Every structure is written in structure tokens, then in C-alpha cells.
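# Architecture and fold: a report
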Amino acid sequence: MKSLAELAAIRDKMKDKVVLREGTSDMRVVVGMATCGIAAGARPVLNAFVELVNDEGLAGKVTVSQTGCIGICQYEPVVEVFEAGKDKVTYVKMTAEKAKKVVEQHLKGGEVVTEYTIDSAKA
Amino acid sequence: MKELSLNILDITENSTKAGAKNIIISIVEQGGCMTVTIKDDGCGMTKEILQSVVDPFYTTRTTRKVGMGIPLFKLAAEQTGGSLKIESVCEQDDPVQHGTTVTAVFHTDHIDCPPMGDIVSTLTTLIGGNPDVHFLFSHQMDGKTVGLDTDELKSVLGDVPLNTFEVLKWIEAYLKEQYDAPSSI
């Protein structure tokens, strides 16, 4: 049984970590979660990013967040990656499966997965 | 929308955007009927806006005040012979008791009734994206009730935010465990 005592244990474990985490993120992953995104399947994409970023130990470096309609509904689910000093990267028609590659190659390896970007979708 | 849980996620995002601090999501299944209620204390809507939100073609793209979310949810309910109702009190009209309540009734025995889908994922997504909002969730079924009150969790967690990965995983397991528990009948 999941108990509140277990939650208290998580709290004690996290207390030191929380301080470390603040302000250290230099990459932001933003998932469009308006009606268009949700209907196209953004919920599992968002959850995949949250899971993978943690599993790969990137939580200190990458934050995953939600936003409203990005304005390109025909390309949903849309995921934007922001990194200081670099151009924004827009990934389109995302899936949980594609998220794996983005985490591995882009967030971890620093190399944009060009075949999933909006530019290659338009081409 | 393939699942009702996605509609619920979508409609509840409206509440968070309306600046709600408290959001109550309640699902009551009784006999062949299911009532979904999403109640918030956000800024509310004026009578004019309230009348137009159910019209998908009213939306003005420059302001994006309304869109497809409510019409889709209404359609899903009406396709089962059910209904959708929205009540709202605008902040300007009542600075204290403002907010919006969306109530949808589904006939679950109707062939066009969509499946609930992954409601647990809807809740973790909402809490993860809005860790400072107080969510009160309850799903009453024949024989059991699944519930979650984020204020109760916050009183245990103290300064640790609700959108901490480990906390979200705990919430997920906590809800799943309740859903998997045998009902009393």
C-alpha cells in the first residue's frame, strides 16, 4: 500500500536535491498541451519526456514543461527545445517513441534530430 | 479525442489558465449514467462569453479566449444522449465567489460513449504542470471511490514541490492502487 509515510521519505530524500536543482537548468523542453495537442497525442509525449529526462539523469540540466497552443496545430504534437545561445528547435508530429531519440541524441548528445524537425516536415 | 480522460485534461487546462487556485474534478458513475464535474475558482466568464464557448466557430484566433475544447466535450456527451452544462460567475461581478463549473452527463451504456482511458495520466499531467494548484479528485464507481487531495500531500511534502518526479510517480502508483483495489460489491 502506498502510504503518506512513503511520501514523507521522498520529501526527506529530496530536500537536499531541490536546492541543487534551482537555476541550473540550461535546456528547456516545452510540450504544446492545448486542445489541438492533446487530441493529437501530446499527453504520452509529455510523459515520455518527463520519464526519460529522469531516467537518463538529466533532471538537473533539462526542465520539461507544458504550454498552450503554439499555433501550428496541423503539426501537433509539437515539442520545442530551448537552449541558451542557440536557435529554438521545433519538433513536430511527435510520439513517445520519437521522444526517446530526441532525449538520447539531442538532450544528451547535443545533436538535433533533424528528421523530426518542422523544417524537414515542410520540405 | 479518443478518451474522456483527454477531454477532462483539456477542460481542466482552461481552469488553470483562468487562474484557479482550487480545482475539483469529480466523476460519479451510477447505474448507466456518468457525471463528470470540473469546478474551479478561476476568473469566470461574462454572460456573453459563456454563451459563445459552446460554438466552435465563435473563436477569435487573435485572443484565443475560446476554442474547440468545450464543443468537443459537449459533442462527446450529447452523442451518448447526455448533456453538457456550464455555469460561471465572472470575477468582476463577484470578486469573492467567482469561478466556472462544467458538468457533463454521459450515458455509459450507449454505444457511442467513449472509454475513460488513462485518467491517472491526466491527473499526473495536470499536477505536474500546475504544482501550486490545489486539486481535489474523486471518482465514485459502483462499490468504490478513488480519491486524491493534493493539499493533503502538500502538508506532508512541505517545501518539496508536487511536480518532483518521485512525487509524481508516487501519485501515479497511489491512484493506480486505488483503481486496482477490489470493489466492495
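Provided above is the structure to which this section pertains.
Described in the following lines is the structure provided in the data block. (Residues numbered from 1 in each chain as written. Chains lettered and ligands numbered in written order. Predicted model: local features only at pLDDT ≥ 70, side-chain atom pairs only at ≥ 80, totals over all residues. Heavy atoms only, no water.)

## What about the overall build of chain A?
Counting its secondary structure elements, chain A contains five helices and four strands. Dimensions along the principal axes, computed over C-alpha positions, put chain A at roughly 55 × 30 × 20 Å. Here chain A, with 123 residues, has 38% of them falling under the buried criterion. Partitioning the contacts of chain A with sequence separation of at least 6, the portion at a separation of at least 24 is 63%. Once the 17 positive and 17 negative side-chain charges of chain A are each reduced to a mean point, those two points are 3 Å apart. (Helix = DSSP H or I, 4+ residues; strand = E, 2+ residues; numbered from the N terminus. Buried < 20%, exposed > 50% of the residue type's maximum accessible area, 1.4 Å probe, protein only. Contact = heavy atoms within 4.5 Å. Lys, Arg positive; Asp, Glu negative; His and termini not counted. Charge placed at Lys NZ, Arg CZ, Asp CG, Glu CD.)

## Re helix α4 (residues 96-108) of chain A
Residues and elements named next belong to chain A. With 13 residues, α4 extends 17 Å between its outermost C-alpha atoms, agreeing within 8% with the 18 Å of an ideal straight helix rising 1.5 Å per residue. The sharpest bend along α4 comes to roughly 35°, located at V102. Considering only its buried residues, α4 is in contact with β1 (27-32), α3 (42-55), β2 (62-67), β3 (79-83) and β4 (89-91). Once α4 ends, the next one or two residues include G110, with phi positive near 80°. (Expected span 1.5 Å × (residues − 1). Bend = angle between axes of the 7 residues up to and from the residue.)

## What to know about the nonpolar core
One finds F49, Y91 and L107 of chain A together with F106, F137 and I171 of chain B to be the most contacted residues of the largest nonpolar core, which totals 77 residues. Of all the elements, α3 of chain A adds the most residues to this core, at seven residues. When sequence neighbours within four positions are dropped, the list of residues in contact with I171 of chain B reads T124, I127, L148, L153 and L162 of chain B. (Core = buried A, V, L, I, M, F, W, Y, C linked by side-chain atoms within 4.5 Å.)

## With respect to the sheet that holds strand β5 (residues 134-141) of chain B
Either a parallel or an antiparallel arrangement is found when strands of a sheet pair, and the pairing is made through backbone hydrogen bonds. Residues and elements named next belong to chain B. Strand order in the open sheet made by the six strands is β3-β4-β2-β1-β5-β6, with mixed pairing throughout. In this open sheet, the two strands that pair with only one neighbour each are β3 (83-89) and β6 (144-149). Direction aside, the axes of adjacent strands within the sheet are offset by 5° on average. Alignment of strand β2 (residues 33-40) against strand β4 (residues 99-107), held across seven bridges, turns out to be antiparallel. Looking at the pairing, V36 lines up with A104 of β4. Seen against the sheet, helix α4 (residues 119-129) touches β1 (22-30), β5 and β6 and runs at an angle of roughly 170° to β5. Where helix α6 (residues 165-180) meets the sheet, its contacts fall on β5 and β6, and the angle it forms with β6 comes to roughly 165°. (Pairing = 2+ DSSP bridges. Axes fitted to C-alpha atoms, helices over the stretch in contact; angles between N-to-C directions.)

## Quick look at α4 of chain B
The buried fraction of α4 of chain B amounts to nine of the eleven residues, a majority that puts the element mostly inside the structure. The set of residues buried in α4 of chain B consists of I119, V120, S121, T122, L123, T124, T125, L126 and I127 of chain B.

## Topic: unusual backbone geometry
All names here are of chain A. In the segment running from E76 into P77, the intervening peptide bond is cis, with an omega of -5°. Tracing the sequence through the fold places P77 in the loop between β2 and β3. Despite not being glycine, K93 has its phi angle at roughly 45°, a positive value. Topologically, K93 is positioned in the loop between β4 and α4. According to the relative accessible area criterion, K93 is partly exposed, its value standing at 46%.

## A look at the environment of G71 of chain A
Relative to the assigned elements, G71 of chain A resides in the loop between β2 and β3. For G71 of chain A, a relative accessible area of 38% corresponds to the partly exposed category.

## Comments concerning the interface of chain A and chain B
The partner chain B presents 36 residues to the 32 residues of chain A that form the contact. Across the interface of chain A and chain B, roughly 2,700 Å² is buried in total on both sides, 64% from carbon and sulfur atoms. Its largest share of buried area at the contact with chain B, chain A owes to K2, L7 and R43 of chain A, together 26% of the area lost on that side. Linking chain A with chain B are two salt bridges. Measuring nitrogen to oxygen at the nearest pair gives 2.4 Å for the salt bridge that ties K169 of chain B to E51 of chain A. Where the side of chain A that touches chain B is concerned, the elements lending two or more residues are α1 (4-21), α2 (35-40) and α3 of chain A. For the side of chain A that touches chain B, the element with the most residues is α1 of chain A, which contributes twelve residues. Partitioning the side of chain A that touches chain B into residue classes produces 15 nonpolar, seven polar and ten charged. (Buried area = accessible area lost by both parts, 1.4 Å probe. Salt bridge = Lys/Arg side-chain N within 4 Å of Asp/Glu carboxyl O. Nonpolar A, V, L, I, M, F, W, Y, C, P; charged D, E, K, R; others polar.)

## Brief notes about the packing of helix α1 (residues 4-17) of chain B against α4 of chain B
Residues and elements named next belong to chain B. Taken N-terminus to C-terminus, the directions of α1 and α4 make an angle of 20°; their axes are 8 Å apart at the nearest point. Between α1 and α4, the interaxial angle falls into the category roughly parallel. When you trace α1 past α4, the crossing you get is right-handed. Here S5, L6, I8, L9, T12 and E13 of α1 lie close against α4, whose contacting residues are I119, T122, T125 and L126. (Parallel < 35°, antiparallel > 145°, perpendicular 65-115°, else oblique. Left-handed = near helix turned anticlockwise from the far one by under 90°.)

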